[in-house]
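Okay, here's what each chain looks like letter by letter:
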Amino acid sequence: MMKVAKGKKIVVFLDYDGTLSPIVDDPNSAFMSDEMRAAVREVAKCFPTAIISGRSREKVKEFVQLSNVYYAGSHGMDIMAPPRPVKSCEGNTPTVVMDKKGTEVLFQPAKSFLPAIQKILTELEEETAKIKGAMVEDNRFCVSVHFRHVKDEDYQILEEKVRSVLENYAGFHLCWGKKVMEIRPTIEWDKGHAVEYFLETLGLSNSDVLPVYIGEDRTDEDAFKVIQRRGQGYPIIVTSIPKDTKASYSLIDPSEVLTFLLRLARWRKSSSSSRSLNQIWGVVN
Ligand SMILES: O=P(O)(O)OC[C@H]1O[C@H](O[C@H]2O[C@H](CO)[C@@H](O)[C@H](O)[C@H]2O)[C@H](O)[C@@H](O)[C@@H]1O
């Protein structure tokens, strides 16, 4: 992989839950380790790096706590460029989307849905309050209804309640993630579009660019498809079991993601030195 990458511009896209942090029982405690944070920081010093999560942008930023990465929340429906251009260790400064005042620009293709989303959120909280273990999470442009702690015999009633709320709102649909139901605006925008948006706005859509996308969620498949369609880049799924996926590579869990990121940064920093790929990656040709 690194042989192909030599001389090309790498852009790194990372999912959050299950990729940078392990899947845990409480969504509010899905913290990222300091080691992982340091690795992402190093990678972002070398390559433009974006975190694309199903969480709200504010929440994922609060978890990641890095100022040298780009953030997209709500499965890519809430994108913000960082306050200042991120300088790569190659010395390149990618174009950053700025408004006339020089502040960061938000891209929110589902903005008109916000009033309805707020109502849906309130109704879901009311409707699900009596179902033990159900938890509603406000992800700004989408709403998650977690059922990890709901008894199997209560799941059906929970789903019925969610569907009954949605019946009154045209323009929204339901999808499923890991023990979670997600209510999303029906617009043609997903994590794949967010990848394309970043590549375009950063001026990185040419053929010498290699996007690396690491994710584990069903919604990451949209991004894998975009990379496959481009014919260049590395769609990497995080999974410990074989899966039907558009990704071409896999890492078992966040600890392997950590190793991969550390090696990626190390490779870039050392690629001008005499260290061989074998020394960095520990691989045998
Ligand atoms: O796109 P992502 O960053 O992968 O976000 C997808 C969803 O992740 C979170 O839920 C998942 O992780 C939780 C913490 O490990 C776990 O408790 C839950 O069961 C998983 O579904 C997040 O809470 C959701 O809002 C995101 O949509």
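Residues numbered from 1 in each chain as written. Predicted model: local features only at pLDDT ≥ 70, side-chain atom pairs only at ≥ 80, totals over all residues.

- Under an unreviewed UniProt entry, the protein has the name Trehalose 6-phosphate phosphatase and belongs to Linum tenue.
- Turning to the protein, the UniProt annotation filed under Cofactor (unreviewed entry) states: "a divalent metal cation".
- The UniProt entry for the protein carries the following comment under Function (unreviewed entry): "Removes the phosphate from trehalose 6-phosphate to produce free trehalose. Trehalose accumulation in plant may improve abiotic stress tolerance." (UniProt positions renumbered as here; feature names shortened; annotations may be inferred.)

### Notes on the overall build of the protein
Working step 1: On a plain count of helices and strands, the protein comes out with nine helices and twelve strands.
Working step 2: A separation threshold of at least 6 residues defines the contact pool for the protein, and within that pool the share at least 24 residues apart is 57%. (Helix = DSSP H or I, 4+ residues; strand = E, 2+ residues; numbered from the N terminus. Contact = placed C-beta atoms within 7 Å.)

### Some words on helix α6 (residues 191-201)
Working step 1: Looking at α6, one finds that the buried residues are K191, G192, H193, A194, V195, F198 and L199.
Working step 2: Residues of α6 that are buried sit in contact with β1 (9-14), β2 (49-52), β3 (70-73), β4 (78-80), β10 (209-215) and α7 (220-230).
Working step 3: Phi turns positive, to about 70°, at G203, one or two residues after α6. (Buried ≥ 20, exposed ≤ 12 C-beta atoms within 10 Å, placed from the backbone.)

### A few points about the confidence of the model for the protein
Low-pLDDT portions of the prediction should not be read for the details of their coordinates.
Working step 1: Averaged over all residues, the pLDDT of the protein is 89; the fraction at 70 or higher stands at 87%.
Working step 2: Counted against residues more than four places away or in other chains, residues 82-88, with its pLDDT under 50, gives 17 contacts.
Working step 3: Below a pLDDT of 50 lies the segment residues 274-285, which in the model reaches 13 contacts outside its immediate sequence neighbourhood of four places, other chains included.
Working step 4: Our summary of model confidence lists the complex with pTM equal to 0.90 and ipTM equal to 0.98. (pLDDT = per-residue confidence, 0-100.)

### Re the environment of R55
Working step 1: Within the secondary structure, R55 is located in the loop between β2 and α3 (57-64).
Working step 2: Of the residues examined, R55 has 26 C-beta atoms within 10 Å and is grouped as buried.
Working step 3: Along the chain, R55 and E125 lie 70 residues apart, while their C-alpha atoms are 17 Å from each other.
Working step 4: For R55, the residues in contact, after removing those within four places along its chain, are Y16, V60, G73 and N139.

### Focus: the environment of C142
Working step 1: Mapped onto the fold, C142 is located in the loop between β6 (135-138) and β7 (143-146).
Working step 2: Owing to 27 C-beta atoms within 10 Å, C142 belongs among the buried residues under this scheme.
Working step 3: Residues C142 and L158, 16 residues apart in the sequence, show an inter-C-alpha distance of 18 Å.

### Examining helix α5 (residues 152-166)
Working step 1: Taking 1.5 Å per residue as the helical rise, α5 with its 15 residues ought to reach 21 Å, and the 22 Å between its terminal C-alpha atoms agrees with that figure.
Working step 2: Listing the buried residues of α5 in full gives L158, V162 and V165. Considered in projection along α5, the buried side chains sweep an arc of 60° and stay on one side of the axis. Away from its buried face, by an angle of more than 90 degrees, α5 presents the exposed residues E153, Q156, E160, R163 and S164. (Expected span 1.5 Å × (residues − 1). Arc of directions from axis to C-beta.)

### As for the packing of helix α4 (residues 114-128) against α5
Working step 1: Here α4 crosses α5 at 150°, and the two axes come no closer than 10 Å. On the basis of the axis angle, α4 is roughly antiparallel to α5. Note on packing geometry: the crossing formed by α4 with α5 is right-handed. Where α4 abuts α5, its residues I120, E123, L124, E127 and T128 lie against L158, K161, V162 and V165.
Working step 2: Looking at side-chain class alone, the contact of α4 with α5 contains five nonpolar, one polar and three charged residues. (Axes fitted to C-alpha atoms, helices over the stretch in contact; angles between N-to-C directions. Parallel < 35°, antiparallel > 145°, perpendicular 65-115°, else oblique. Left-handed = near helix turned anticlockwise from the far one by under 90°. Nonpolar A, V, L, I, M, F, W, Y, C, P; charged D, E, K, R; others polar.)

### Some words on the sheet that holds β7
Backbone-to-backbone hydrogen bonds pair the strands of a sheet. The strands run either parallel or antiparallel.
Working step 1: If you walk across this open sheet you meet the four strands as β6-β7-β9-β8, and the pairing is antiparallel. Lying at the two open borders of the sheet, with one neighbouring strand each, are β6 and β8 (172-177). Neighbouring strand axes in the sheet, compared pairwise and without regard to direction, differ in orientation by 25° on average.
Working step 2: One ladder, built from four bridges, connects β6 with β7; its direction is antiparallel. Bridging across to β7, D138 finds its partner in V143.
Working step 3: This element, α4, spans β6, β7, β8 and β9 (180-185) of the sheet and lies at about 15° to β7. (Pairing = 2+ DSSP bridges.)

### Notes on unusual backbone geometry
Working step 1: For Q65, which is not glycine, the phi torsion reads 55° and is therefore positive.
Working step 2: As for its position among the elements, Q65 is in the loop between α3 and β3.

### Description of the nonpolar core
Working step 1: Counting 49 residues, the largest nonpolar core has F13, V40, V43, I51 and Y213 as its most contacted members.
Working step 2: Counting 20 residues, the second-largest nonpolar core is a separate cluster that includes I117, F141, C142 and W189. (Core = buried A, V, L, I, M, F, W, Y, C linked by C-beta atoms within 7 Å.)

### Some points on the site of the ligand
Working step 1: Taken together, 24 residues are adjacent to the ligand, and Y16, D17, P27, S53 and G54 come closest.
Working step 2: Contributions of two or more residues to the shell around the ligand are made by β7 and β9.
Working step 3: Each of domain 1 (2-109 + 189-281) and domain 2 (111-185) accounts for three or more of the residues forming the shell around the ligand. (Near = placed C-beta within 6 Å. Domains from an automatic or database assignment.)

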